[in-house]
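A structural walkthrough
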Amino acid sequence: MNITYFVHGYLGLPIASFLISLFLPVKKEGALSVLSYSTAFLQLLLVCLFTGFWIFQGAEPIQFKEISVYRSENYDFFIDFLVDKLTLTYAFLGAALTFLITIYSRYYLHREAGYKRFFNTILFFNIGYSTIIFSGNMETLFIGWEILGVSSFLLIAFYRERLLPVKNALKVFSVYRIGDIGVILAMWLLHHFWHENVTFLQMNQTVSLHEHLAQNSSVGLLIATLFYIAAAAKSAQLPFSSWLPRAMEGPTPSSAIFYGSMSVHIGAFLLLRTLHFWENQIYFKVGLVIAGLLTALISTVISRVQSTIKSQIAYASIAQIGLIFIEIALGWENVALVHIVGNAFLRTYQLLISPSIVSYKIREQQYELQEAVVQKSAFDRWVDRYYMLSLKEWNLDNALFKWLWNPLKKIGRGWKVLNFRYIFWLKAFILLFGLILRANEALLPTEVKQRLPFFFALWGFLMAVKAFTERDSVRKSLTLVMLNHASISLALSFNAHFDNAHHIWYLSGILLAWALGYWLLTRMRKTEWISLDNFYGHIYEYPKTGFVFLLVCLGLSGFPITPSFVGEDLIFSHIELNQLGLAFFTAFSLVINGLATMRIYARVFLGPHVKNYHQIAKRSS
Amino acid sequence: MNENQNLAQLIHELAHYLPSQAPLKDFIHHNTLHAFQQLPFHKGLHAAQQLFGYQTYLTLDDYRQRYENGEISEASLALAFKKQDDVSMNQLFSLEATSQLQSKVGSYRLQWKKKLGFDLDARVHPLLFRIVNSFLDQGIAIWRFPTNGLPFLAALRQMESENTASIFTGERARNCFLNPAFKLIDALDLLVGDQSAYENYLYDQQFAHPGYSGMIAQIANRPSLLVLERAIAFEDFLLLECLLEIDTLDQHHGNWIPSSKFGLETYQFDPNNLLSTTEQKLKAIWQDAYEWTYYNQVLESLQQKENHELLEVGSIGIFCIDDRECSIRRHIERLDPSFLSFGTPGHFNIETYFQPFGSSQRTKICPAPVQPTHLIIEHSVAQKKDKEWHFDARSHGLIVGWVLTHTYGFWSALKLALSILWPSKNTMAVSSKQHMDAEAMLSVEHMPGQFTPDGLQIGFTVAQMTQIVGGMLKSIGLQKGFSSLIYIVAHGSSSANNTHYAGYDCGACSGRPGSVNARAFAQMANHQLVRRALRETGLYIPDHVHFVAVLQDTAMDEFSYFDIQQIPMDLMTVFEKDRALFSKACEQNAIERSKKFATVNSLANPRSVHKKVQLRTVSLFEPRPELNHATNALCIVGRRQFSRDVFLDRRAFLNSYDYRVDPTGEALSGILNAVAPVCGGINLEYYFSRVDNEQLGAGSKLPHNVMGLLGVANGVDGDLRTGLPSQMIELHDPYRLLVIVEQKPQVVYEAITRNPNTFEWFANEWVRLVAYDPEAHYFSVFEQGAFEPYASSVTSKRAS
């Protein structure tokens, strides 16, 4: 079997099915579900056949380059695939679970209002997952990574007419975005580390790797740490663990496969994929073992106090993934793989049957009722001292709030004194000023020129924060996001080797999305009150506008549906290794932009509908 | 002191409006808006909407659509319209629904929230729910809340003083909490300040999470609702919530200034003096018209049918009044026209607790309000217990979990695949047969001196048994014409992955299958001494008559029989014939039910349809093992011949009653005392869950998460959801229950006036009542407290 056929088949199937599913009528429950599970079934068949063939051929990793999306002298953005033991294990796991769960959901979701949306999202998720596991370089992986993030958001917010799913979807999405900083910065550093866009296989070539690491050991450590941040965010490791139980908002089967198995093990995948890159960095490995151990211990304790079944399973799963991280750190690749597959199936099944615990336990209690009335030992009493801490999840959830989001809000709202129009002109002026400077670049002293990128990036960052914390005007927030991208683009244009075509790559999609979004909002404002001070739930009456606006938001956050996605990577390649601050603020801006746009989407379109002429759930439900 | 009394009174009243749903193990249907029952139905619904913002009717568009479809007739609409004044016909069709309704409850804190600029509830609820759910938890958490046997606040205070982490962030709230002299009133002084706003504040606060508040108010009143008893006072819960709020506000605002300083507008909480809006009046008209369109059809078909007694009676079956028995009875009688069926509440007049073999606990197997003084113990050899490793706490441990995932995880994969691709019987599924071992002995007969330590009498004496058997047979009017075999048919249900499984069993047995009751009743009725004693009371049951206990599984459509070996040899041929009849009827019943399951093709071969219907009860992925009471709308109290052969589409509760043996209406009174709260409760719970599934129902069950075995919630930090999930009510038509009694109107009137609670149900029209005069042959409708002749019943019913 030809490897390209296999990869094209495995990836092409969900893409084709996803596109078809978008056009199927809402009423066609049968067609939607058959399409989904036969996709997964064919994927499963393919992976089984291919694995046999591949083992027969000698089980060597196979890599091939698909296509160059953008190419210049010293830059090549290309799609690349890699198939090895790791890929095939994950491919088997993903296809098998998706197949079973889609059959399950076919009946379980019968007559549910979002039946179609559910299967659309599952197929979309399948595309993201497949892209990640087959990716041969960071760029390809990042495409899948982004799709995974957005489809997770949509699955968690599946019950979009209720408040908590929407808020939790935003919360999970924000943690995912932190993980994205890891990926973006790692991509940037890798580019400088190797002086080109490398594939995973190239990274693994021991000789050149050692050479590079010897020269740049601190950069190596930094890259590895960034990998950890990305992996920890996706796999709910410390300090990000508290998102996982909160992701259990969708229908039980979707929680079961995505948050019980497929999504949470993607962090482990990233570490396994980059294993050879960091396996000789002893500091990192020690750190990884400690982090894994801490996660395992703390989340086990937290799991034990959970009085809800889904959060109990979630924390138990996090603890096992902590152990998996240790196994990876120790280089026990095969043990880790077995552990991943076992954990995935066990937790999926436990979540699926979780409603049965009521009848099971109540029956059990009839026969073996034990209530601890016994005198507690001194040790027990000592342990009990940690009960409240565990109940409060070791303050993990609060910490993120306190250390990250609150300060951002403070920065954003600190500007409140200035009114919008004033700020707007100020921004426009500064941008214009920037453009003038850029035009007369030759006249600028080098000193100034070197500082300008940082200045404009910082300025852009502040705009992103402002957009993220805006509580009132939707259009203003949207515009600020666009301006942030413009500032970043301007900032980097002061750097060497900047080609004006890069502006076009980067800003074309952004501007288009912004204009479309602005128009949609203006149109809606004629009939509806929209603002960012609350969740408005307008999707109830405007499902189509809502869908298009979601695309707008994705476009504005550099999602791989417009050229801006490539542009994003492209402009990063212009940031020099010594411009760490610039890189950080640029990456952070992109992350906050993504959050700001999803926040706009959520607040305008999702949540309890403000018009309560129909059934509306309580905010607490 | 006076302040505290006022506050206690206020809390007591508040609790009355909260949902009164017990923990999951006992699911008992009740009127969701029971707190408004002292008002006439429509008034109550209007008040509930204005106060709490519930949807209490279908939407205007929905009614109009039903009118278009012919589900609401022009005649009924005209009639309903005539009864209401100050709205116009034009408005019925053209008035636009208000798009932004503001309920009173919630409005005080809403103004405040706008001023504050942050969502206090969102910060306080998760921790509050977590704490209280952990305290009440009945067996999910591995590391239990260290109550040390103390009540809620005391346990928390002990924890607060000994634990490494505090509940609170700031010092102020913590100090107040640790001070036992600090009461709720002090917390309110700090939070609100102005006493006139306390009522508003507490209502707004508690109705932001009615699920937990209701659960706690229930448990506070009756700690025995929990297996692992927990002492919690509702007021203590309020205190904790207020302190958490003070703490959060302190964090946010520095030292918090009482909210009354903000000059917020308060509202008057008074359900009795609210004016209905035009929209509400229109909806009342639509609802009446909608109901009467259906009622008319029923009354007309009852009127047109021939009413005669069976000439020749074959076998007799006594079923539960449950609406699900309506169709199986029809099928049996259609297949064998000589079969005669009766209906009576499925506990068969036996009020007792039941203690399964090997268990130290008792379950109530009679109507919920009854406090039994008897106990039936099961004596068996085998304990019915299956281990399921996936629910074992050890799978969540670190080390065992590590080993398990490497090994057992792959077994899970296999089980997962099998359970989805080839569903079959499994340890997770609930089966109606688990309730009692068919081979077990039941301690039905009381042996002198046998009492439990807490004073329950084990079994029943002959005199008591005689009363039970005689009373039941009298109430259904079975006094003569006994067949050789009489089947006592109890019912139960089977389902898998179903948190609300208790709601599918027999309501008259407190949400358990009725198998113990049926078996006990058959044993009593077959008892020689009981027969003899009955003869003395004038009830002659011939010696050849034998009672057989049966359990019908309403989801599987399957009959199982008890104590077959005791059937006299000469009756075995009759039994075998009946058994074949029942299994045929079950198959037909399954086909009838399958017509409402979109995923089963009901036209396929009958056996395979039946098999498919049965598979639903073991399939993990099936949220609708059966449709339970959905579409219930009627309750017919009368002789079988009154409604026999009329297609009632599984909508009717059928209670047998013979007006000829009850001229004073005493027996009727007993029947209606049970029918109103039980059938009315089921009906109204379905009604309200249907018209507002989000606030009065539980929403879709698909995302539900089990909270401490007490209830379900969405996700991990949502409020408990009460009422019925959307999957149970989506096919329900929200009609009020129409009770049709075959008895003279004046006798019926006397019967309902004997008990003021029962009278309230009918007089306030939460349940509609029609009497059929069996001698004068006309219907009368009970309206505004009196019987009026039914308008379209001009042609009298043909006499038997």
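On a predicted model such as this, the values are computed, not experimentally measured, just so you know. (Residues numbered from 1 in each chain as written. Chains lettered and ligands numbered in written order. Predicted model: local features only at pLDDT ≥ 70, side-chain atom pairs only at ≥ 80, totals over all residues.)

**Describing the overall build of chain B**
Looking only at helices and strands, chain B features 26 helices and 19 strands. At 28 Å, chain B has a C-alpha radius of gyration in line with the 28 Å of a compact globule built from 800 residues. When its C-alpha atoms are laid out on the principal axes, chain B stretches across 85 × 70 × 55 Å. In chain B, which comprises 800 residues, the share counted as buried stands at 54%. Put simply, of all contacts in chain B between residues at least 6 apart along the chain, 72% involve residues at least 24 apart. (Helix = DSSP H or I, 4+ residues; strand = E, 2+ residues; numbered from the N terminus. Rg over C-alpha atoms; globule rule 2.2 N^0.38 Å. Buried ≥ 20, exposed ≤ 12 C-beta atoms within 10 Å, placed from the backbone. Contact = placed C-beta atoms within 7 Å.)

**Brief notes about the overall build of chain A**
The helix and strand tally for chain A stands at 27 helices and 2 strands. Its C-alpha atoms give chain A a radius of gyration of 25 Å, near enough to 25 Å, the size a compact globule of 621 residues would have. Considering chain A as a whole, with its 621 residues, one finds that 58% of them fall into the buried category. Within chain A, counting contacts between residues at least 6 apart in sequence, those at least 24 apart form 79% of the total.

**Focus: the interface of chain B and chain A**
At the junction of the two partners, chain B supplies 97 residues and chain A supplies 84 residues. With 14 residues, helix α16 (residues 399-421) of chain B is the single largest residue contributor to the side of chain B that touches chain A. The class makeup of the residues in the side of chain B that touches chain A is 41 nonpolar, 40 polar and 16 charged. (Nonpolar A, V, L, I, M, F, W, Y, C, P; charged D, E, K, R; others polar.)

**Some points on the nonpolar core**
One finds A:A186, A:A268, B:I488 and B:L634 to be the most contacted residues of the largest nonpolar core, which totals 444 residues. Of the residues forming this core, the biggest block, 18 residues, is contributed by helix α6 (residues 163-194) of chain A. Apart from the residues within four sequence positions on either side, B:I488 is in contact with B:I318, B:F348, B:A518, B:F521, B:A522, B:F547, B:V548, B:A549 and B:V550. (Core = buried A, V, L, I, M, F, W, Y, C linked by C-beta atoms within 7 Å.)

**Quick look at the sheet that holds strand β18 (residues 778-783) of chain B**
Residue and element names in this part refer to chain B. Read across the sheet, 6 strands follow the order β12-β11-β16-β17-β18-β19 without closing on themselves; strand pairing throughout is mixed. Every other strand in the sheet has two partners, leaving β12 (652-656) and β19 (786-789) as the edge strands with one partner each. Pairs of neighbouring strands in the sheet enclose a mean axial angle of 25°, with direction left out of account. Across the sheet, helix α25 (residues 745-753) touches β16 (738-742), β17 (768-773), β18 and β19, and the angle it forms with β17 is around 140°. (Pairing = 2+ DSSP bridges. Axes fitted to C-alpha atoms, helices over the stretch in contact; angles between N-to-C directions.)

**As for the sheet that holds strand β1 (residues 316-320) of chain B**
All names here are of chain B. Reading across from one edge, β2-β1-β8-β9-β10 is the order of the 5 strands in this open sheet, with mixed pairing throughout. Of all the strands in the sheet, the pair left with one neighbour each is β2 (340-344) and β10 (558-561). Within the sheet, the average angular offset between the axes of one strand and its neighbour, ignoring direction, is 30°.

**A look at the packing of helix α15 (residues 309-329) of chain A against helix α16 (residues 333-352) of chain A**
Residues and elements named next belong to chain A. α16 packs onto α15 with a crossing angle of 175° between their chain directions and a minimal axis gap of 10 Å. Of the possible angle classes, the one that applies to α15 and α16 is roughly antiparallel. Of α16, the residues touching α15 (which contributes K310, I313, S317, Q320, I324, E327 and I328) are V335, A336, H339, I340, N343, R347, Q350 and L351. Residue composition of the contact of α15 with α16, grouped by class: 7 nonpolar, 5 polar and 3 charged. (Parallel < 35°, antiparallel > 145°, perpendicular 65-115°, else oblique.)

**What to know about the domain arrangement of chain B**
As far as domains go, chain B holds domain 1 (2-15 + 105-267), domain 2 (316-383 + 427-657) and domain 3 (389-421). Measuring from the centre of the C-alpha atoms in domain 2 of chain B to the corresponding centre in domain 3 of chain B gives 39 Å. (Domains from an automatic or database assignment.)

**Topic: the packing of helix α20 (residues 572-594) of chain B against helix α21 (residues 606-615) of chain B**
All names here are of chain B. Where α20 meets α21, the closest approach of the two axes is 9 Å, and the angle between their N-to-C directions is 70°. If you check the angle between α20 and α21, you find them roughly perpendicular. Every pair of crossing elements has a handedness; the one defined by α20 and α21 is left-handed. Here E587, A590, I591, R593 and S594 of α20 come into contact with α21, specifically with P606, R607, V609, H610 and V613. Here the residues of the contact of α20 with α21 are counted per class, giving 5 nonpolar, 2 polar and 3 charged. (Left-handed = near helix turned anticlockwise from the far one by under 90°.)

**Observations concerning the environment of A:Y367**
Within the secondary structure, A:Y367 is located in helix α17 (residues 357-367). On the basis of neighbour count, A:Y367 is assigned to the partly exposed category, with 15 C-beta atoms found within 10 Å.

**Let's talk about the pairing of β17(B)**
Residues and elements named next belong to chain B. Taking burial as the measure, the 6 residues of β17 include 6 buried ones, the bulk of the element. Judged by which residues are buried, β17 turns out to be covered on both faces: R768, V770 and Y772 on one side and L769, A771 and D773 on the other are all buried. Across 5 bridges, the pairing between β16 and β17 is parallel. When the sheet's bridge partners are listed, L738 is paired in β17 with R768. The pairing of β17 with β18 spans 4 bridges and is classified as antiparallel. Looking at the pairing, D773 lines up with Y778 of β18.

**Things to note about helix α9 (residues 171-178) of chain B**
All names here are of chain B. All of the buried residues in α9 are A173, C176 and F177. Here the buried residues of α9 occupy an arc of 100° about the axis, which is enough to place them on one side. Exposed positions of α9 whose direction lies more than 90 degrees from the buried face are E171 and N175. (Arc of directions from axis to C-beta.)

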